Amino acid sequence: MSSRKHEHEWLPAVPLDLTVAWFSSVLGLKIKSVEQTRAIWGTGSKLFFTITYDDDEDGTKDRPTHICVKGMFDPAMVADQPWTISLVQQEALFFSKLAPKITRMGYPKAWWSGTSEKQGIVIMNDLTTEGCVFKKMTDTWTVDQVLEGVEQLAGLHAQYWGSSPTAPYENNSYDPAMQFLCAPWNATTAERSGVPAEFKDGDRFNRLHDKYFLTRNPKFRTLLHGDTHVGNTYFTVDGHPRWLDWSAYHVGSCFHDVSYFMGVALSIDDRRKHDMRILQHYLDALHRFGAPQFKNTDEDVLIEFKRSFITNCIWLICPYGLQPEESVKALCERTVASWRDYKVLDVIEAQPDPVIEA
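Described in the following lines is the structure provided in the data block. (Residues numbered from 1 in each chain as written. Predicted model: local features only at pLDDT ≥ 70, side-chain atom pairs only at ≥ 80, totals over all residues. Heavy atoms only, no water.)

1. Overview of the state of the cysteines
Defined as follows: Defined by distance alone, a disulfide is two cysteine sulfur atoms within 2.5 Å.
Overall, the coordinates contain zero disulfides when judged by the stated rule. There is no disulfide at Cys-332, and the cysteine sulfur nearest it, in Cys-318, is 11 Å away.

2. A closer look at the packing of aromatic side chains
For clarity, the cut-off: Pairing of aromatic side chains requires ring centres within 6.5 Å, counting the rings of Phe and Tyr and the six-membered ring of Trp. Pairs whose planes differ by under 30 degrees are stacked, by over 60 edge-to-face, and all others tilted. Think of it in three bands: with a 1.4 Å probe and only protein chains considered, a residue is buried below 20% of the maximum accessible area for its type, exposed above 50%, and partly exposed in between. Lysine NZ or arginine CZ positioned within 6 Å of the ring centre and within 35 degrees of the ring normal marks a charge as sitting over the ring.
Per the counting criterion, the structure on display carries 24 aromatic pairs. Between Phe-94 and Phe-95 the ring centres are 5.0 Å apart and the planes differ by 85°, which places this aromatic pair in the edge-to-face class. Phe-95 matches Phe-94 in its accessibility class, with the two residues each being buried. In textbook terms, an aromatic cluster arises when at least three aromatic residues are bridged by ring pairs, as seen for Phe-94, Phe-95, Tyr-107, Trp-246 and Tyr-249. The ring of Phe-48 is capped by Arg-38, whose NZ or CZ atom sits 3.7 Å from the centre of that ring. Between the NZ or CZ atom of Arg-288 and the centre of the ring of Phe-289, over which it lies, the distance is 5.1 Å.

3. As for the pattern of salt bridges
Test applied: A carboxyl oxygen of Asp or Glu within 4 Å of a side-chain nitrogen of Lys or Arg is what we treat as a salt bridge. Numbering of helices and strands runs from the N terminus; a helix is a DSSP stretch of H or I covering at least four residues, while a strand is a stretch of E covering at least two.
In the structure shown here, the tally under the stated rule is 16 salt bridges. Notably, a salt bridge pairs Glu-198 with Arg-340, separated by 2.7 Å at the nearest N-O pair. Taken together, the residues span a long stretch of sequence, with Glu-198 in the loop between α6 (185-190) and α7 (202-214) and Arg-340 in helix α12 (residues 325-342) at a distance of 142 residues. Residue Glu-198 is classed as partly exposed on the basis of its relative accessible area of 44%. A salt bridge links Arg-207 to Glu-349; its shortest N-O distance comes to 2.7 Å. With Arg-207 in helix α7 and Glu-349 in helix α13 (residues 344-350), the pair connects residues that are 142 residues apart, well separated along the chain. By relative accessible area, which is 45% here, Arg-207 ends up partly exposed. Counted as one network, the salt bridges with shared partners bring together Arg-204, Arg-207, Asp-346 and Glu-349.

Right, here's the structure in full:
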């Protein structure tokens, strides 16, 4: 659990806690009723409501009618995966502290966010009522869609280029969460037929996974979205890709976001045919937004790009309770292909070991 200070002693922990009185209090509006219309359960629960206001509420105010409330509202999930609390807390902090400052990357409009010791909640627009479209995690994106997606990433990365790994807005819960999930690598991959023998050595994988975290090239350091798979995206009503789920943002190598995204968004054939074109498009957008100019032929760019495909490791061991089995198997196949194509583990192995100060 994070040691950070929280704004609230108590926040709703189950759907029944999300009352008219609570919504009225945090939104500062006179609410007559709220109706839950649907729910999506996962590492962060999403509960959808329609709000009806009192007759004397000022109708000229900017106020939401259709909302999505994101937090941890599944006690069974919390008991089974307690680390997920840090994710919803992190996302709530993103919308409170960071989102208002981001200038070149789209994200959902949030009306309120807050954290307690055991919860993090964001109240945001229900994007479906805005005409937004969500692709399935198993869907592949066109090359043009991925080109626009990496432009969005470049906008965020350029704005925070060179960020300190201990910047005041940054709390890295991503690295320890991934190390926790990957610790039982041998046992998990032994049961996964889609994981080839060459990637089932848990001792080697976890050693190189730790090495990846410790040897990220500071030349490419910036603020990351951190979890750029297609399940964390949506398309606006006019067809532009945007990013959801800001629970894993942290400072790291820019190629974490780019390689992770390319590795699962594209079909295997499209990635093989267009990877260098997409990479250069990202680098050009990054420079256009104010970061240094890099080329896809630069040796240090290629090394960091290739080794950063390790960030898709989750798809080899993701518990089916966190993501649907169909999605995990499809993204595992794409990940295995990218690891073979770029010799990801070998690239990390060949780099100098980190210097650990005593």
